[in-house]
Amino acid sequence: MARSVLGQVLSRCGFTLVELLVVIGIIALVMSMLLPTVQRVRETANRLSCASKLRQLGMAAHHYHAARGRLPPGYLGPSLTNNLDYPSFYGEGQWIGHFPLLLPYLEQDNLREQIRVTFRIGIVSAEKWFWSAAAPGPGPPHVQNYTAAMNDLPIFRCPSAAEFRPEINNPAPGGGGTVLGLHVYNSSAMGAFTVGWKDEYGSASAFRPLGRTNFMGVAGCGSGNHPFFSKYEGVYTNRTERTLGQITITDGTSHTLLYGETCGTHWQSPFETMDICWMAGGGMGTYLGLHRGKTAPVIAFSSYHPAGVQFCFADGSVRMVREGMSRWNGLSPTFTNDWHLLQQLAGWRDGAAADTGSLVD
C-alpha cells in the first residue's frame, strides 16, 4: 500500500503536455515583450559607439590642425586647374582621401607608414593610390597600398551598419564593387555632381575585400563655379587648405558639419553591391540629402539609426541630424526647406543664418 501511494505521488511530479504548452506560451509572451526593449538598448549602445567614433575622427582632425596649422585636405583628386574638366580630369590626381593622414592620430602610425602616396597638396601625381603605374585606365594593383587598405579598422565602422559583400567582377558602370576615390564638384554645365573610381576586383581578386568606411568628410555641394550650388561648398573638397579660424569667422565651427555617417549600398547598381574603402575617406556631397541605410546611394550621407544621421561638427561635438524632407533626386528644379537647412549646415561660408533646430537635435 505504501509503495502504491508513493508511486502515485512520484507520478505527479512532472508536467502534463497542457501545462508545458502553457509555460512555453508564457515564456514566448514575455520574450516578445522584452525583445523591443532589448533592441532599443542595443541600438542605443550602437548609436553611442558610433558617436564616439565620429568624435574621435573630429579630434584627430583637430590634432592634425594643431600640428600643421590647417585641417587635412579633403582629398587629392585632379588639379585645381582641371577641377571641373569632366572627363579629362580622370587622367590626373592621386584620388585618395585624407583618412590615411589621420591614422597617426588614431593610433595607427605603423599602418600610415605602409601607404605609398604623395600627400603634398601642390603635387598632382598621375599615379592613383590604387595602381602601380600612371595610367588613365586600369593598371596593375599597387600591392603595398592594397595590402594596407585591406585592414578593416573598427574606427571607420558604425556598429548599426549592415554587413554585406560588394559585388565582384562586374566592370559595367551599373555594376557593384568598392569605391576607391570620389570627386565632388559643381559647375554651370553639370550642376552638383559626384564622380569616382571603383574596383570590381576583377584584376585584384587577391586583395578583396578592402576595408570599408561608414564615415566620410563633408564636401557639401563640392567646389566649383555653379551660381547656386557653389554657395554650399563644404569643408572637405578637393585639395583644400581650410583652417578652423576661417570656419569660425564665416559660419562658425558649431554650425558647420565636418564628418558624417554613410551606410549606402548601391550606386547605379542593385542594393548591397557597393561600399567605400576607407582609403577613399575624404569628401562626400550633401546635395542628395539624407537617406536610410540599405536603400541609400553609397554617395549620400545615410544611417541605420532610426532617429537620423549622426554628424561631427567642426567644433568636435556630435549631434543627430534628422532626415526630414532633405532628399533631392538630382533633377527637380525646386528644393525643400529641409534641403536648404542641410546645405546651410554643410557649407562653411554660405553666410546663411536660418534656424536649423527642426533638423538638429
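Provided above is the structure to which this section pertains.
Asks: How do you make sense of the environment of Arg 120 when you look at a structure like this?
Replies: Of note, Arg 120 is situated in the loop between helix H4 (109-114) and helix H5 (143-149). For the pair Arg 120 and Gly 211, spaced 91 residues apart in sequence, the C-alpha separation works out to 24 Å. If near-sequence neighbours (up to four positions away) are discounted, Arg 120 is found in contact with Gln 94 and Arg 239.

Asks: What is the right way to look at a nonpolar patch on the surface in this model?
Replies: On the surface, Leu 17, Leu 20, Leu 21 and Ile 24 cluster together into a nonpolar patch covering about 420 Å² of accessible area. Within the secondary structure, Ile 24 is located in helix H2 (residues 17-68).

Asks: I tried to follow the nonpolar core on my own but got confused; where do I start?
Replies: Nonpolar side chains in soluble globular proteins generally cluster together in the buried interior. Judged by nonpolar contacts, the single largest core of 56 residues is most densely connected at Trp 129, Phe 156 and Tyr 259. Breaking this core down by element, the ones donating at least two residues are H2, helix H3 (99-102), H5, strand E3 (177-187), strand E4 (191-199), helix H6 (244-250) and strand E7 (257-261). Looking at this core element by element, the count peaks at seven residues for H2.

Asks: Could you clarify how one ought to interpret the sheet that holds strand E12 (residues 309-313) in this entry?
Replies: Working definition: the strands of a sheet are paired by backbone hydrogen bonds and lie parallel or antiparallel to each other. Here five strands make up an open sheet; going across it, the order is E9-E5-E7-E12-E13 and the pairing mixed. Across the chains shown, the open sheet's two edge strands, defined by having one partner strand only, are strand E9 (283-285) and strand E13 (318-321). Taken pair by pair, the neighbouring strands of this sheet meet at an average axis angle of 45°, ignoring direction. As paired strands, E12 and E13 are joined by four bridges and run antiparallel to one another. Note on E13: the bridge partner recorded for Phe 311 is Arg 319.

Asks: Just checking my understanding: could you explain the side chain of Thr 240 for this structure?
Replies: Within the fold, Thr 240 resides in the loop between strand E6 (223-224) and H6. Within the structure, Thr 240 has its side chain in polar contact with the backbone nitrogen of Gly 74 (distance 3.0 Å). Within the structure, Thr 240 has its side chain in polar contact with the backbone oxygen of Thr 237 (distance 3.4 Å). If sequence neighbours within four positions are ignored, Thr 240 has contacts with Pro 72, Pro 73, Gly 74, Ile 121 and Val 235.

About the cut-offs
Residues numbered from 1 in each chain as written. Predicted model: local features only at pLDDT ≥ 70, side-chain atom pairs only at ≥ 80, totals over all residues. Heavy atoms only, no water. Helix = DSSP H or I, 4+ residues; strand = E, 2+ residues; numbered from the N terminus. Contact = heavy atoms within 4.5 Å. Patch = residues over 30% accessible without salt bridge, like charges linked within 9 Å, V, L, I, M, F, W, Y side chains within 5 Å. Areas by Shrake-Rupley, 256 points an atom, 1.4 Å probe, with all protein chains shown as cover. Salt bridge = Lys/Arg side-chain N within 4 Å of Asp/Glu carboxyl O. Core = buried A, V, L, I, M, F, W, Y, C linked by side-chain atoms within 4.5 Å. Buried < 20%, exposed > 50% of the residue type's maximum accessible area, 1.4 Å probe, protein only. Pairing = 2+ DSSP bridges. Axes fitted to C-alpha atoms, helices over the stretch in contact; angles between N-to-C directions. Polar contact = N/O pair within 3.5 Å; in protein donor to acceptor, adjacent residues only side chain to side chain.

Any functional reading would require information that these geometric values do not contain.
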